[in-house]
Amino acid sequence: MDSKTHLLTQIIAVLVLVLNNFSGLIFSPYKVMRKISRVFDYKQIVAIFILVFLYFLSVGLIFGHSIANFIFFLVSFFATVIFFYISGRLYKYQVSILSLVATWCYSLFPTVLWFSITAVLFILFPPPRTQSFLGTLLSLVFIGISVVLLLWKITLVYLAVRFSVKSSALMTAFLMILYGMWFLPYTYALYLFSISRVPFI
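Treat the numbers as computed from the prediction; the structure is a model and nothing was measured.

In this structure, L25, V52, F73, F77, F84, W104 and F200 are the most contacted members of the largest nonpolar core, which totals 49 residues. Every element with two or more residues in this core is listed here: α1 (3–27), α2 (29–38), α3 (42–63), α4 (68–90), α5 (97–106), α6 (109–124), α7 (133–165) and α8 (169–192). No other element matches α7, which puts nine residues into this core. Leaving out residues up to four positions away in the same chain, F200 has contacts with V52, Y55, F56, F73, T111, V112 and F115.

Take the packing of aromatic side chains next. Aromatic ring pairs are reported here in terms of the distance separating the ring centres and the angle at which the planes meet. Applying the stated criterion across every chain, the model contains 32 aromatic pairs. Taken together, a centroid distance of 5.2 Å and an interplanar angle of 75 degrees make the contact between F49 and F77 edge-to-face. Of the two residues, F49 sits in helix α3 while F77 sits in helix α4, which places them 28 residues apart along the sequence. The residues F49 and F77 share a single accessibility class, namely buried.

The subject of this paragraph is α2. Along α2, the positions that sit buried rather than exposed are V32, M33, I36 and S37. The arc that holds the buried residues of α2, viewed along the axis, is 140 degrees, so those residues lie on one side. Facing away from the buried surface of α2 by more than 90 degrees, the exposed residues are K31 and R38. For α2, the elements touching its buried residues are α1, α5 and α7.

Scoring rules and cut-offs
Residues numbered from 1 in each chain as written. Predicted model: local features only at pLDDT ≥ 70, side-chain atom pairs only at ≥ 80, totals over all residues. Heavy atoms only, no water. Core = buried A, V, L, I, M, F, W, Y, C linked by side-chain atoms within 4.5 Å. Buried < 20%, exposed > 50% of the residue type's maximum accessible area, 1.4 Å probe, protein only. Helix = DSSP H or I, 4+ residues; strand = E, 2+ residues; numbered from the N terminus. Contact = heavy atoms within 4.5 Å. Phe/Tyr/Trp six-rings, centres within 6.5 Å; stacked < 30°, edge-to-face > 60°. Arc of directions from axis to C-beta.

Right, dumping it as structure tokens:
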């Protein structure tokens, strides 16, 4: 087997693992997120970051947005990881920063899906949208999808923090509230400086 074939085989194997974990997070989020928190595979992490980069690249080409938004995503991502790492350490938990990176990466799937769906709908049904039956139905369907993805996102974030920080259910909820107290002003700052209306995190 030559080097190119070997590389292609490795790429396919990684993509299969990522897709398998993705489907698992839909049907068995508790079991799969715990497994992800225990094994750090940098190849899977790289694959997810490439997926996110491709999203930003595509949006940039279509809507003319700056690829610099990807840089702000990286800042938000690692600021989040550092926040939970330091918070866990302050409360004497055995936090694994590699586990936090891995689990938070996989918690990005609802985010990627929501932003992708939003971009596709913007292309297919650009505003202003009419108040017709079909227009109203589309809005209701979009709201329904958004709510489902938000609940899935919260679930994955909760599991990511709990398994990576190794905290109790109550402490995990407390850490998420603390994170929200930092995250909301940060989100407002991004909006205020016209960087992002909805943070990609």
